[in-house]
Amino acid sequence: MSQSYYSFNSYLKKKFKSRIQRISLNAGLNCPNRDGTLGIEGCYFCNEKGFVSVEDSQISIEAQIETALPLFKKRFKSDKFIAYFQNASNTYASVEKLGTIYDGIKKFPEFVGLIISTRPDCIDEEKLDMISSYTDKYDVWIEYGLQSVHAKTLKFLNRRHTFRQFKNAVKLTAERNIKTAAHVILGLPHETKHDMYQTANALAKLGINGVKLHTFHILKNTPFACMYKQGDIHLLAEGEYVEIACDFLERLPSECVIMRLVSNARDEVLIAPFWMNRRQKVLLKIEEEFKKRNTRQGFLAKRQSENDF
Ligand code: SF4
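Trainee: Any chance you could explain the overall build of the protein here in plain terms?
Mentor: A count of helices and strands for the protein gives 10 helices and nine strands. Its C-alpha atoms give the protein a radius of gyration of 19 Å, within 12% of the compact-globule value 19 Å for 309 residues. Considering only C-alpha atoms, the protein reaches an extent of 45 × 45 × 40 Å along its principal axes. Counting across all 309 residues of the protein, residues that qualify as buried make up 58%. Across the protein, every contact between residues at least 6 apart in sequence was considered, and the portion connecting residues at least 24 apart equals 82%. Between the centroid of the 46 positive side chains of the protein and the centroid of its 36 negative side chains there is a distance of 4 Å.

Trainee: Can you help me understand the site of the ligand in this one?
Mentor: Close contacts around the ligand come from Cys 31, Arg 34, Gly 42, Cys 43, Phe 45, Cys 46, Ala 88, Arg 119 and Arg 159, and that covers them all. Split by residue class, the shell around the ligand holds five nonpolar, one polar and three charged.

Trainee: So what exactly am I meant to see when it comes to the packing of aromatic side chains here?
Mentor: To describe a pair of aromatic rings, one takes the distance between the centres and the angle between the planes. Within the structure shown, the criterion is met by 16 aromatic pairs. With a centroid separation of 5.8 Å and an interplanar angle of 10 degrees, the aromatic rings of Phe 8 and Tyr 11 are classed as stacked. With Phe 8 and Tyr 11 both in helix 1 (residues 8-16) and three residues apart, this pair spans about one turn of that helix. In terms of burial, Phe 8 and Tyr 11 fall into one category: buried. Between Tyr 102 and Tyr 134, the aromatic rings sit 6.0 Å apart at their centres with planes inclined by 85 degrees, giving edge-to-face as the arrangement. Taken as a pair, Tyr 102 in helix 3 (residues 95-103) and Tyr 134 in the loop between helix 4 (125-132) and strand 4 (139-147) lie far apart in primary sequence, 32 residues in all. Here Tyr 102 matches Tyr 134 in class, with each residue buried. Ring pairing ties together the aromatic residues Tyr 6, Phe 8, Tyr 11 and Trp 141, which thus form one cluster.

Trainee: How do you make sense of the pairing of strand 4 when you look at a structure like this?
Mentor: In summary, the side chains of a regular strand alternate between the two faces of the sheet. Summarising burial for strand 4: nine of the nine residues are buried, a large majority. Side chains of strand 4 alternate between two faces, with Asp 139, Trp 141, Glu 143, Gly 145 and Gln 147 and Val 140, Ile 142, Tyr 144 and Leu 146 buried alike. Of the pairings in the sheet, the one linking strand 3 (residues 111-118) to strand 4 comprises six bridges and is parallel in character. Paired with Ser 117 across the bridge in strand 4 is Glu 143. Handedness of the β-α-β unit built from strand 3, helix 4 and strand 4 comes out right-handed. Where strand 4 meets strand 5 (residues 179-186), six bridges bridge the pair, whose relative direction is parallel. Bridging across to strand 5, Tyr 144 finds its partner in Ala 182.

Reading the values: rules and limits
- Residues numbered from 1 in each chain as written.
- Predicted model: local features only at pLDDT ≥ 70, side-chain atom pairs only at ≥ 80, totals over all residues.
- Heavy atoms only, no water.
- Helix = DSSP H or I, 4+ residues; strand = E, 2+ residues; numbered from the N terminus.
- Rg over C-alpha atoms; globule rule 2.2 N^0.38 Å.
- Buried < 20%, exposed > 50% of the residue type's maximum accessible area, 1.4 Å probe, protein only.
- Contact = heavy atoms within 4.5 Å.
- Lys, Arg positive; Asp, Glu negative; His and termini not counted.
- Charge placed at Lys NZ, Arg CZ, Asp CG, Glu CD.
- Near = heavy atom within 4 Å.
- Nonpolar A, V, L, I, M, F, W, Y, C, P; charged D, E, K, R; others polar.
- Phe/Tyr/Trp six-rings, centres within 6.5 Å; stacked < 30°, edge-to-face > 60°.
- Pairing = 2+ DSSP bridges.
- Right-handed = clockwise from strand over helix to strand, strands pointing away.

Right under this line is the structure:
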């Protein structure tokens, strides 16, 4: 759809010359910020039921795939897929257990890629060496949750990891020919536009391969839901998000893959804002905003000095 930014679909078309669809798989793993290792409250925005995923973590990866494949083939008219381990922290287990989980895709020749979503403090060289063994056959990505490069924001979100840990994880991952991506939230409480631009500049400087963006939103049964009800939190309006998303993309290099620009959440857990679930409309507005500006992704990208972040 878009020529103004390098979408994940464009990347996949260029690389595989055919339609590729992601299939979300639930490995049933936990998160150290929930199981008591780092904390029990989790990140204050996180409600795992907010993930859009159709799988049941109680069933094996093979069984999830056997159920999903025929449905996805029919619905998307596609015969090549990427396995997407999305829920919680998908490197939070022993190397042996992780190998068994990821190996679940091997008997299905339809898979051409593997995306693993995790925290930057849930990775080490041994796990990365194991994951890099999949790069022979698959396009392999690790998505690290970052949200912001600012320590004050990470603390406010109760992330319980640092930007330094993120940078180290990205470096070790890239050294092994595994592609790296960062999750970033725009419109976080107390963040200025300048703060968000610093996050974009820092990711550009790191040479990250992909970025996933979404607007800060409130899910039920989270600490932020209480703060929101008390009126302590401002959420971006659709127009504000469109402008900031364009500002952010202008600062990323044109070769950085935009893996997501607008997320959605299940209606039953989303408190606000509801505009984010009208994804196509928001994407169209972003495209229109770029046209109006006569700019595109990478328009302002430049390598920043160490001191910029
Ligand atoms: S690290 Fe991820 S899964 Fe864990 S609490 Fe935070 S958002 Fe939720």
